[in-house]
Amino acid sequence: MTKHRNIRRNRLNLAVLAALGTALVSGPLLAQTTSTPAPAASTAAPAAAPATTQADDQATPGKPASKPQVAQAKTLKAVSVVANRYDASTLQMNAQNTVDVLSASDLQHTAVHNVAEALGLMPGVNVTTTGTGYFGGIDGAARGEGMFASVRGLPSEYNVNLIDGVDVAQGMPYSRSVQLSLLPPSGLQTIVINKTSMADMDGDAIGGTIDFRTPTAFDFAKDTSGSITTSGRSESQAREYGGSGLGGGLAGEFQTKFGSEHQFGIYASGYYDYRNIANSEVGAAESALNDGSWEFAHSNADGTNAAGYNPARNLTSTGLNAGIASGFERRYGGNIAFNWKVDDTLDVYARATYAYAKTEQDTTYNQLLPQNVTYVPDGSAGYVPNIGRIANRFWYETNPERADIATFQFGADKRAGGWTISPKLFYSYGHNDRPAHVEIDGREDKYSQDNFAFGGSSLTTYKDGFPYPLLTPGLVNSVNNIPAMWANDSGELTKSRSGQKKGGASVDFQYDFDGGALSSVKFGVKYTDSSREFTNRDWSTPGINDGVTTLGDLGIFNGTYSSIFPDKYLWQTPKVNHAAVVDLIRANFADDELDTCGSNYINNYNCNTMRGTEAVSAAYAMATFDVGNLEIIPGVRFEHTSINNTFWTTPAEDADGNPVTGHFSNNRTVYNEPLPSIAASWRPTANSVYRGSVWMSYTRPAFVQLGGGSQVSISDGVTTITEGNPNLKPIKSTNLDLSGQWTTDQGGFASVAAFYKQLHDYIYDSGGGQANPNTSGEGTVLTKTPTNGGDGKVYGLEVALRQKFQNLPEPFDAKIHAGLLARVDLGIEGFENERLQSAPNVLGNAEVFYEKNGFDLDLGYHYASSFLSTYDYLNQGSPWDDLWVRPIRRVDLHAGYEFDPHFRVDLSVSNLTGNYSYWSHIGRHDLAISDIVQAGRTTLLTLKYSF
């Protein structure tokens, strides 16, 4: 790691960063957003000029560090790796568009688990710990790590994700999101987020274009260099359960330049790491959704909300799940880059990256569920719920995952006269598979409904909003003796596969003029073809109804957790042997027990199968005008998209009620999108730049919305056809960005950016379900399909400040980023003024860091205000039951010491104060029904040797 942050090591410096960000939104907002296309700079291969040096340029303690070699172009084309936060500031100043840059030093000094969490250090980025489908809700959050990134309040599937300029394949089953959690911070060196787009960038970006960059040999000063890093990890919550919670990793990199004129360069890196987890869960909202464990605290005689009470503040929890999510994650991957400077006019390159993650997540749940709920007078002309009894049950499920991302590219930059020609071939693939999800459960009330009389309107009491179940003596005995429960069956097995392959070619032409106002013209074409496939199949074993067999008789337990939630719920619960459950299912498994969606085997095998292809043809043209200190770049891009989906159609039953075998069907969607843009930047001084941009962008709907399987059902003489909608419109956005950036000769940096987005035809994230489902038709035949919503507005303000003060008692720096807010109109009656999903009103990062004589210390604080996660969570047809996530507050600590230019040690602690990593609740201002995850602290110790 370079020591450019110590350039003025002989002085005492104090840097204090303050930033105030306010994001205001007026009027209903509605629209799906797509990521902003990445600038040509992001997608271009590294040019001949080096960016910044890395480990081989490290300064010797006590001596001034060498001057960073920063390419002083106005674009990011020549930059592959940024060494430190000061170089990152220079790149942001020099860029033609509004960008944020996370340097190699920033990544090495974080205490985060992966790249997704590292993105949370940047202005306007919210990192979520849960996604959609089987990564959604508390299941995803229980892993205790960030998974997806929202830019400027827009969902993660509205971002374009690039690795070294190559579009990353989207392997997620129900959305266009990319699961960034499988990338560790050590796997990539620099991250650039493009907040504004120009014509030479992909057009399907409303949120932002995120470019993850890896180095080449020509990013290093030495002819040959490299490093080896070893690490150890500890998870505090796993240790609370009596486990080791230990993990670790090994990473290395090597680069060399060779040839008679050092015209060849090779860079290679690789990593392997692992972590073991055991995180605590409370799932009251999950129980409310899946088991109906909720009531209105003040009700009518029929249980509906009593008059005069706000339903969102009138909730009571009548049941919950308490459990432990344990398991492990193994990641490995690497990068390789080959560069050949053929001569002064021709550069040729080839690059490849690969990242793989294997996750085993086993959840052990104790379920306390309400039974025999009635409504009794409360003495004031109203009613309250009365829980007749509580059913004690046990549920074990797994959430395994095999995920990978790979990119490959081959290209060149040829210069001839004023021309630069840049052809490129690229390919990417990604998978998010769930190879063998298993479930097994037991019920204390399987044969008798007379146990555990309860009485009372709520199962829980609260302290600081945290729910505590009110257990009767009988329930206390039962929850402490789970093996005595009756076995329900021998388990259930689900297999899912989801992946995408994407490849194509592009060529860019640029001509630079010698003089005059017209500085350059640029145009190009790009073709991308992709295919994706999703399957999901489920098998259930027969029930066990002998009146004898208990869970303990199945041989699936191999120990006991002394406390199901340390310091909160003190009853014990058994440890489940995952392998024993799998063996039990295999012993009782029959292929003809496939029951994915009915009783017909062929329908069951194919009903959740979807294949699709997507071809995108793009062409663009743009020009650069320089008038004094003013630069103006108008441009236009056109994208033609052709999408073909193949899905299974399940017919209705025949006249005798027998299932009818279905067939594969097809549909097609075509989009033609003109995307004009204009960007201007004014540089009145060497230390200031002001930018303004207006551009159009869009996002294509998820495949499951366009080509979801078609199912036909008949009820009371009415035939209902449920299917995807190939006529969905893309979500479009008109975008405006105004920003200013300033630097000082004393190490100061400041930026302010105001943005506005007008959204049209919004489609929200609904996981595997239909977005904004609409029923059409007349008489006895109805069709139910997803539809577009209405319009909306998103606008906000981002502020970032850093100042290095000199000649003060101690050297510190700090920074804060804050502010955005968004609302949408879902296009559904009653949902005209909703908040946008995953969009906090305020985001903030503050950091104080000290560095002197080879020692550095970083203390960071991250804040995200509450945000909406899921619309109409309980399906009540009104926004009062939206699922919200509580504000996130996290303190991270990093300390490092460089013994000499070769040896360095770093210690990082994530979530130093041990705050809850996830807390969602039904209703914006009510914590009565919450899902909570406690993942504790993560401590990481690394030792790096550089040569």
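Residue numbers here run from 1 along each chain, matching the order of that chain's written sequence. Where totals are concerned, whole chains, interfaces and linings use all residues; where local detail is concerned, this predicted model gives features only for residues with pLDDT of at least 70, and gives and counts side-chain atom pairs only at 80 or more. Hydrogen atoms and water are omitted, and side-chain values are computed over all heavy atoms in the structure.

Draft legend 1. Main features of the pairing of strand S26 (residues 609-627). At least two DSSP bridges between two strands are needed for those strands to be called paired. Secondary structure elements follow DSSP: runs of H or I of four or more residues count as helices, runs of E of two or more count as strands, with numbering from the N terminus. In this sheet, S26 lies alongside strand S23 (residues 518-540) in antiparallel orientation, the contact comprising 17 bridges. Its bridge partner lying in S26, Phe-523 is registered against Ala-621. Relative to strand S27 (residues 630-650), S26 is paired through 16 bridges, and the arrangement is antiparallel. The residue of S27 that forms the bridge with Phe-625 is Ile-632. In textbook terms, the turn of a hairpin is the stretch between consecutive antiparallel strands, and for S26 and S27 this stretch comprises two residues, one of which, Gly-628, has a positive phi near 65°.

Draft legend 2. Looking closely at the pairing of strand S22 (residues 492-512). In this sheet, S22 lies alongside strand S18 (residues 419-443) in antiparallel orientation, the contact comprising 17 bridges. Each bridged residue has a counterpart across the sheet, and for Ser-422 the counterpart in S22 is Asp-508. With 21 bridges connecting them, S22 and S23 associate as antiparallel partners. By the bridge assignment, Lys-495 is partnered in S23 with Arg-537.

Draft legend 3. Main features of helix H7 (residues 284-291). Accessible area is worked out with a 1.4 Å probe on protein chains only. A residue is then buried under 20% of its type maximum, exposed over 50%, and partly exposed in between. Those residues of H7 lying buried are Ala-284, Ala-285, Glu-286, Ser-287 and Ala-288. Just downstream of H7 lies Gly-292, where phi reads positive at about 70°.

Draft legend 4. Inspection of a nonpolar patch on the surface at higher detail. Among the surface-exposed residues, Ile-228, Leu-250, Phe-254, Phe-855, Leu-857, Tyr-897, Phe-899, Phe-903, Leu-943, Tyr-945 and Phe-947 lie close enough to one another that they form a single nonpolar patch of about 970 Å² accessible area. For the nonpolar patch, the elements supplying multiple residues, two or more each, are strand S10 (246-258), strand S42 (855-864) and strand S49 (938-946). Tracing the backbone shows Ile-228 in strand S9 (residues 224-235). For patch detection, residues must exceed 30% relative accessible area and be free of salt bridges, and they are connected within 9 Å for like charges or within 5 Å for nonpolar side chains (Val, Leu, Ile, Met, Phe, Trp, Tyr). We get accessible surface area from the Shrake-Rupley algorithm with a probe of 1.4 Å; when it comes to residues, only the shown protein chains can shield them. The salt bridge criterion pairs a side-chain nitrogen of Lys or Arg with a carboxyl oxygen of Asp or Glu, the two atoms within 4 Å.

Draft legend 5. Seen up close, the sheet that holds strand S2 (residues 99-102). The five strands are arranged S2-S7-S8-S5-S6 in an open sheet whose pairing can be described as mixed. Since the sheet does not close on itself, it has two edges, and those belong to S2 and strand S6 (166-167), each with one partner. Where S2 and strand S7 (residues 190-194) come together, four bridges link them in antiparallel fashion. Residue Val-101 lies in a different strand from S7, and its bridge partner there is Val-192.

Draft legend 6. The arrangement of the packing of aromatic side chains in detail. Only centres within 6.5 Å qualify two rings of Phe, Tyr or Trp (six-membered ring in Trp) as a pair; their planes then separate them into stacked at under 30 degrees, edge-to-face at over 60, and tilted for everything else. Counted under the stated rule, the structure contains 42 aromatic pairs. A connected cluster of aromatic rings, assembled from ring pairs, spans Phe-466, Tyr-468, Phe-565, Tyr-569, Trp-571, Tyr-916 and Trp-919. A ring is considered to have a charge above it if a Lys NZ or an Arg CZ atom is located within 6 Å of its centre and within 35 degrees of its normal. Arg-537 extends its terminal NZ or CZ atom over the ring of Tyr-605, reaching a point 3.6 Å from the ring centre. A cation over a ring is seen here: Arg-611 above Phe-664, with NZ or CZ 4.8 Å from the ring centre.

Draft legend 7. Structural view of unusual backbone geometry. Within the chain, Asp-164 stands out as a residue other than glycine whose phi angle is a positive 50°. The residue Asp-164 is located in the loop between strand S5 (160-163) and S6 in this model. Although it is not a glycine, His-262 sits at a positive phi angle of roughly 55°. Here His-262 lies in the loop between S10 and strand S11 (264-283).

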